[in-house]
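Structural description and commentary
Below are the chains, spelled out letter by letter.
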Amino acid sequence: MDWFGLVVVSLPGLAALAALLFTWMQVGQASKELRISEQGQITNRFNAAVTNLGSDSVDVRLGGIYGLERIMQDSVRDHPTVVSVLTAYVRQHAPLSGADAKRQQTTSPEVPPTDIEAVMNVLAKRTIGVAEVFGLDVSRTDLRGLRSGQGGSKFAAMDFQGSDLTGANLNGASLNSADLTNAILRTSILTDARLSGAFLTGADLTSANLNEAWLNSAEMTDARLTGVKLNGAFLTSAILAGASLNGAELVGAHLTYADLKEADLTGANLREADLTGANLTRANLSKADLTGADLTGADVTGARFSDAKLKGVLGLPPSQR
């Protein structure tokens, strides 16, 4: 009887436990069904947005672009896919042919089409929760006059190889480790932009504004920098071997340990520039203004200083004065 009474007393607790277990299983099943439903909705939204990208109407295409942006915000797992679709859209709808590149070097900058500007704006402002391991490829595209790259835009590690960014406003943009090899950046605005570790080999930055930009360890071999503004810029350990810097403005620039081997700095303004430990082997500094510059520890073997202004310069051997 005691055993029977114990069972009777325990029945309500066992029933409650069974009910709790049943409820937990129902909640788990409902949660699973909800996730499946949400993924299905995202898939439907994705398909609809991609379909809109193929429309002849720019308004419909814009709807598709911003639809993909919303998906990217709502679903972290779909972030790489959306980025891949958007960058492919830029490559397809704003291609740069060899003939275009030659023509555009002599024409005034234009403004990108509305849909291309919108895509770049979405890419520039996307939320990055974790380190991205996928590439963003907009190489060989016509992005003249781009305005989406301002104010901390997220273009780090993006592939701009051979693209035309003439007259683009990339003020304050994040372009660390970006690949701008052979890119055209004539008259572009890159003030306070982050370009540390960027690849700018053979890039054309003629008359570009890079005042106070960060180019530490940037690869700029054979870059065209005629008339460029680099006042107060940070170029520590940057590689500028063979670069053309005729008439460049480098007032107060930080060029510590920079590689300027065989660079052409004819007529460059290097007042108060820090060239400590820089490699100036066979560099041409004729008619350059080095007033107050610091060349302590710099290698000036074979460098030319004819008609250069050397008042107050530090670290320059007497034989070079």
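For clarity, every value in this text was computed on a predicted model and none was experimentally measured.

Looking at the overall build of the protein
Scanning the protein from terminus to terminus reveals 5 helices and 0 strands. The order of helices and strands in the protein, counted from the N terminus, is α-α-α-α-α. Taking the contacts inside the protein whose residues are at least 6 apart along the sequence as the reference set, 20% of them involve residues at least 24 apart.

Here's the deal with the packing of helix α2 (residues 58-74) against helix α3 (residues 79-93)
Two quantities define a packed helix pair, namely the angle between the axes and the distance from one axis to the other. Between α2 and α3, the shortest axis-to-axis distance is 9 Å and the interhelical angle comes to 155°. Between α2 and α3, the interaxial angle falls into the category roughly antiparallel. For the element pair α2 and α3, the recorded crossing hand is left-handed. Packed against α2, whose contacting residues are Arg61, Ile65, Leu68, Ile71 and Met72, the element α3 presents His79, Val82, Val83, Val85, Leu86 and Tyr89 at the interface. Each residue belonging to the contact of α2 with α3 can be placed in one class, and the counts come to 9 nonpolar, 1 polar and 1 charged.

Re empty space enclosed by the protein
In total, this model carries 1 cavity of 30 Å³ or more according to the counting rule given. Estimated volume of the largest cavity: approximately 30 Å³. For the largest cavity, the full set of lining residues is Leu180, Leu185, Leu190, Leu195, Leu200, Leu205, Leu210, Leu215 and Met220. Taken together, the residues that form the lining of the largest cavity break down as 9 nonpolar, no polar and no charged.

As for unusual backbone geometry
Phi at tyrosine 257 is positive, roughly 60°, even though this residue is not glycine. In this structure, tyrosine 257 sits in the segment after α5 (114-124). Tyrosine 257 sits in the exposed class, given a relative accessible area of 53%. Here glutamate 262, not a glycine, exhibits a phi torsion of approximately 60°, which is positive. Structurally, glutamate 262 can be placed in the segment after α5.

What about the packing of aromatic side chains?
Note on aromatic pairs: each is described by the distance of the centres and the angle between the planes. In this structure the tally under the stated criterion is 2 aromatic pairs. Plain terms: the ring middles of phenylalanine 155 and phenylalanine 160 are 5.9 Å apart, the flat faces sit at 75° to each other, and that makes the pair edge-to-face. The exposure class assigned to phenylalanine 160 is buried, which follows from its relative accessible area of 2%. Aromatic side chains tryptophan 214 and phenylalanine 234 sit 4.1 Å apart centroid to centroid with 15° between the ring planes, which places their arrangement in the stacked category. With a gap of 20 residues between them, tryptophan 214 in the segment after α5 and phenylalanine 234 in the segment after α5 connect regions that are remote in the sequence. Accessibility expressed as a relative area gives 28% for tryptophan 214, which makes it partly exposed.

Some points on the pattern of salt bridges
One pass over the structure, following the stated rule, counts 9 salt bridges. Between aspartate 74 and arginine 45 there is a salt bridge, with the nearest N and O atoms lying 3.1 Å from each other. Separated by 29 residues along the polypeptide, aspartate 74 in helix α2 and arginine 45 in helix α1 (residues 2-53) bring together distant segments of the chain. For aspartate 74, a relative accessible area of 41% gives the class partly exposed. Note that arginine 224 and aspartate 204 form a salt bridge whose closest N and O atoms lie 3.8 Å from each other. Here arginine 224 is found in the segment after α5, whereas its partner aspartate 204 is found in the segment after α5, with 20 residues between them in sequence. Taking relative accessible area as the criterion, arginine 224 reaches 36% and is therefore assigned partly exposed. Note on aspartate 204: relative accessible area 0%, which makes it buried. One network of salt bridges, in which partners are shared, links Arg45, Arg70 and Asp74.

Focus: the environment of alanine 248
Secondary-structure assignment places alanine 248 in the segment after α5. For alanine 248, a relative accessible area of 1% gives the class buried. Excluding anything up to four places from it in sequence, alanine 248 contacts Leu225, Gly227, Val228, Ala268 and Asn269.

Here's the deal with the confidence of the model for the protein
Residues of the protein with pLDDT of at least 70 account for 80%, and the chain-wide mean is 87. In the predicted structure, residues 101-108 sits below a pLDDT of 50 and forms 11 contacts with residues beyond four places in sequence or in another chain.

Focus on the environment of valine 119
Checked against the element boundaries, valine 119 lands in helix α5. Look at valine 119 and you get buried, because its relative accessible area is 0%. Taking C-alpha positions, valine 119 is 9.8 Å from leucine 68, a pair spaced 51 residues apart along the chain.

Quick look at α5
Buried residues dominate α5, accounting for 9 of its 11 residues. For α5, the elements touching its buried residues are α2 and α3.

Some thoughts on the packing of α2 against α5
Viewed as axis vectors pointing N to C, α2 and α5 meet at an angle of 5°, and their least axial separation amounts to 10 Å. For the element pair α2 / α5, the angle class is roughly parallel. Contact residues: α2 offers Val58, Arg61, Leu62, Ile65, Tyr66, Glu69 and Met72, while α5 offers Thr114, Asp115, Ala118, Val119 and Val122. When the residues that make up the contact of α2 with α5 are grouped by side-chain class, the tally is 8 nonpolar, 1 polar and 3 charged.

Parameters at a glance
Residues numbered from 1 in each chain as written. Predicted model: local features only at pLDDT ≥ 70, side-chain atom pairs only at ≥ 80, totals over all residues. Heavy atoms only, no water. Helix = DSSP H or I, 4+ residues; strand = E, 2+ residues; numbered from the N terminus. Contact = heavy atoms within 4.5 Å. Axes fitted to C-alpha atoms, helices over the stretch in contact; angles between N-to-C directions. Parallel < 35°, antiparallel > 145°, perpendicular 65-115°, else oblique. Left-handed = near helix turned anticlockwise from the far one by under 90°. Nonpolar A, V, L, I, M, F, W, Y, C, P; charged D, E, K, R; others polar. 1 Å grid on protein atoms, 1.4 Å probe; cavity = no way out; pocket = protein on both sides within 12 Å on 5 of 7 lines; lining within 4 Å. Points joined across faces, edges and corners; volume = space filled by probe spheres on them. Buried < 20%, exposed > 50% of the residue type's maximum accessible area, 1.4 Å probe, protein only. Phe/Tyr/Trp six-rings, centres within 6.5 Å; stacked < 30°, edge-to-face > 60°. Salt bridge = Lys/Arg side-chain N within 4 Å of Asp/Glu carboxyl O. pLDDT = per-residue confidence, 0-100.

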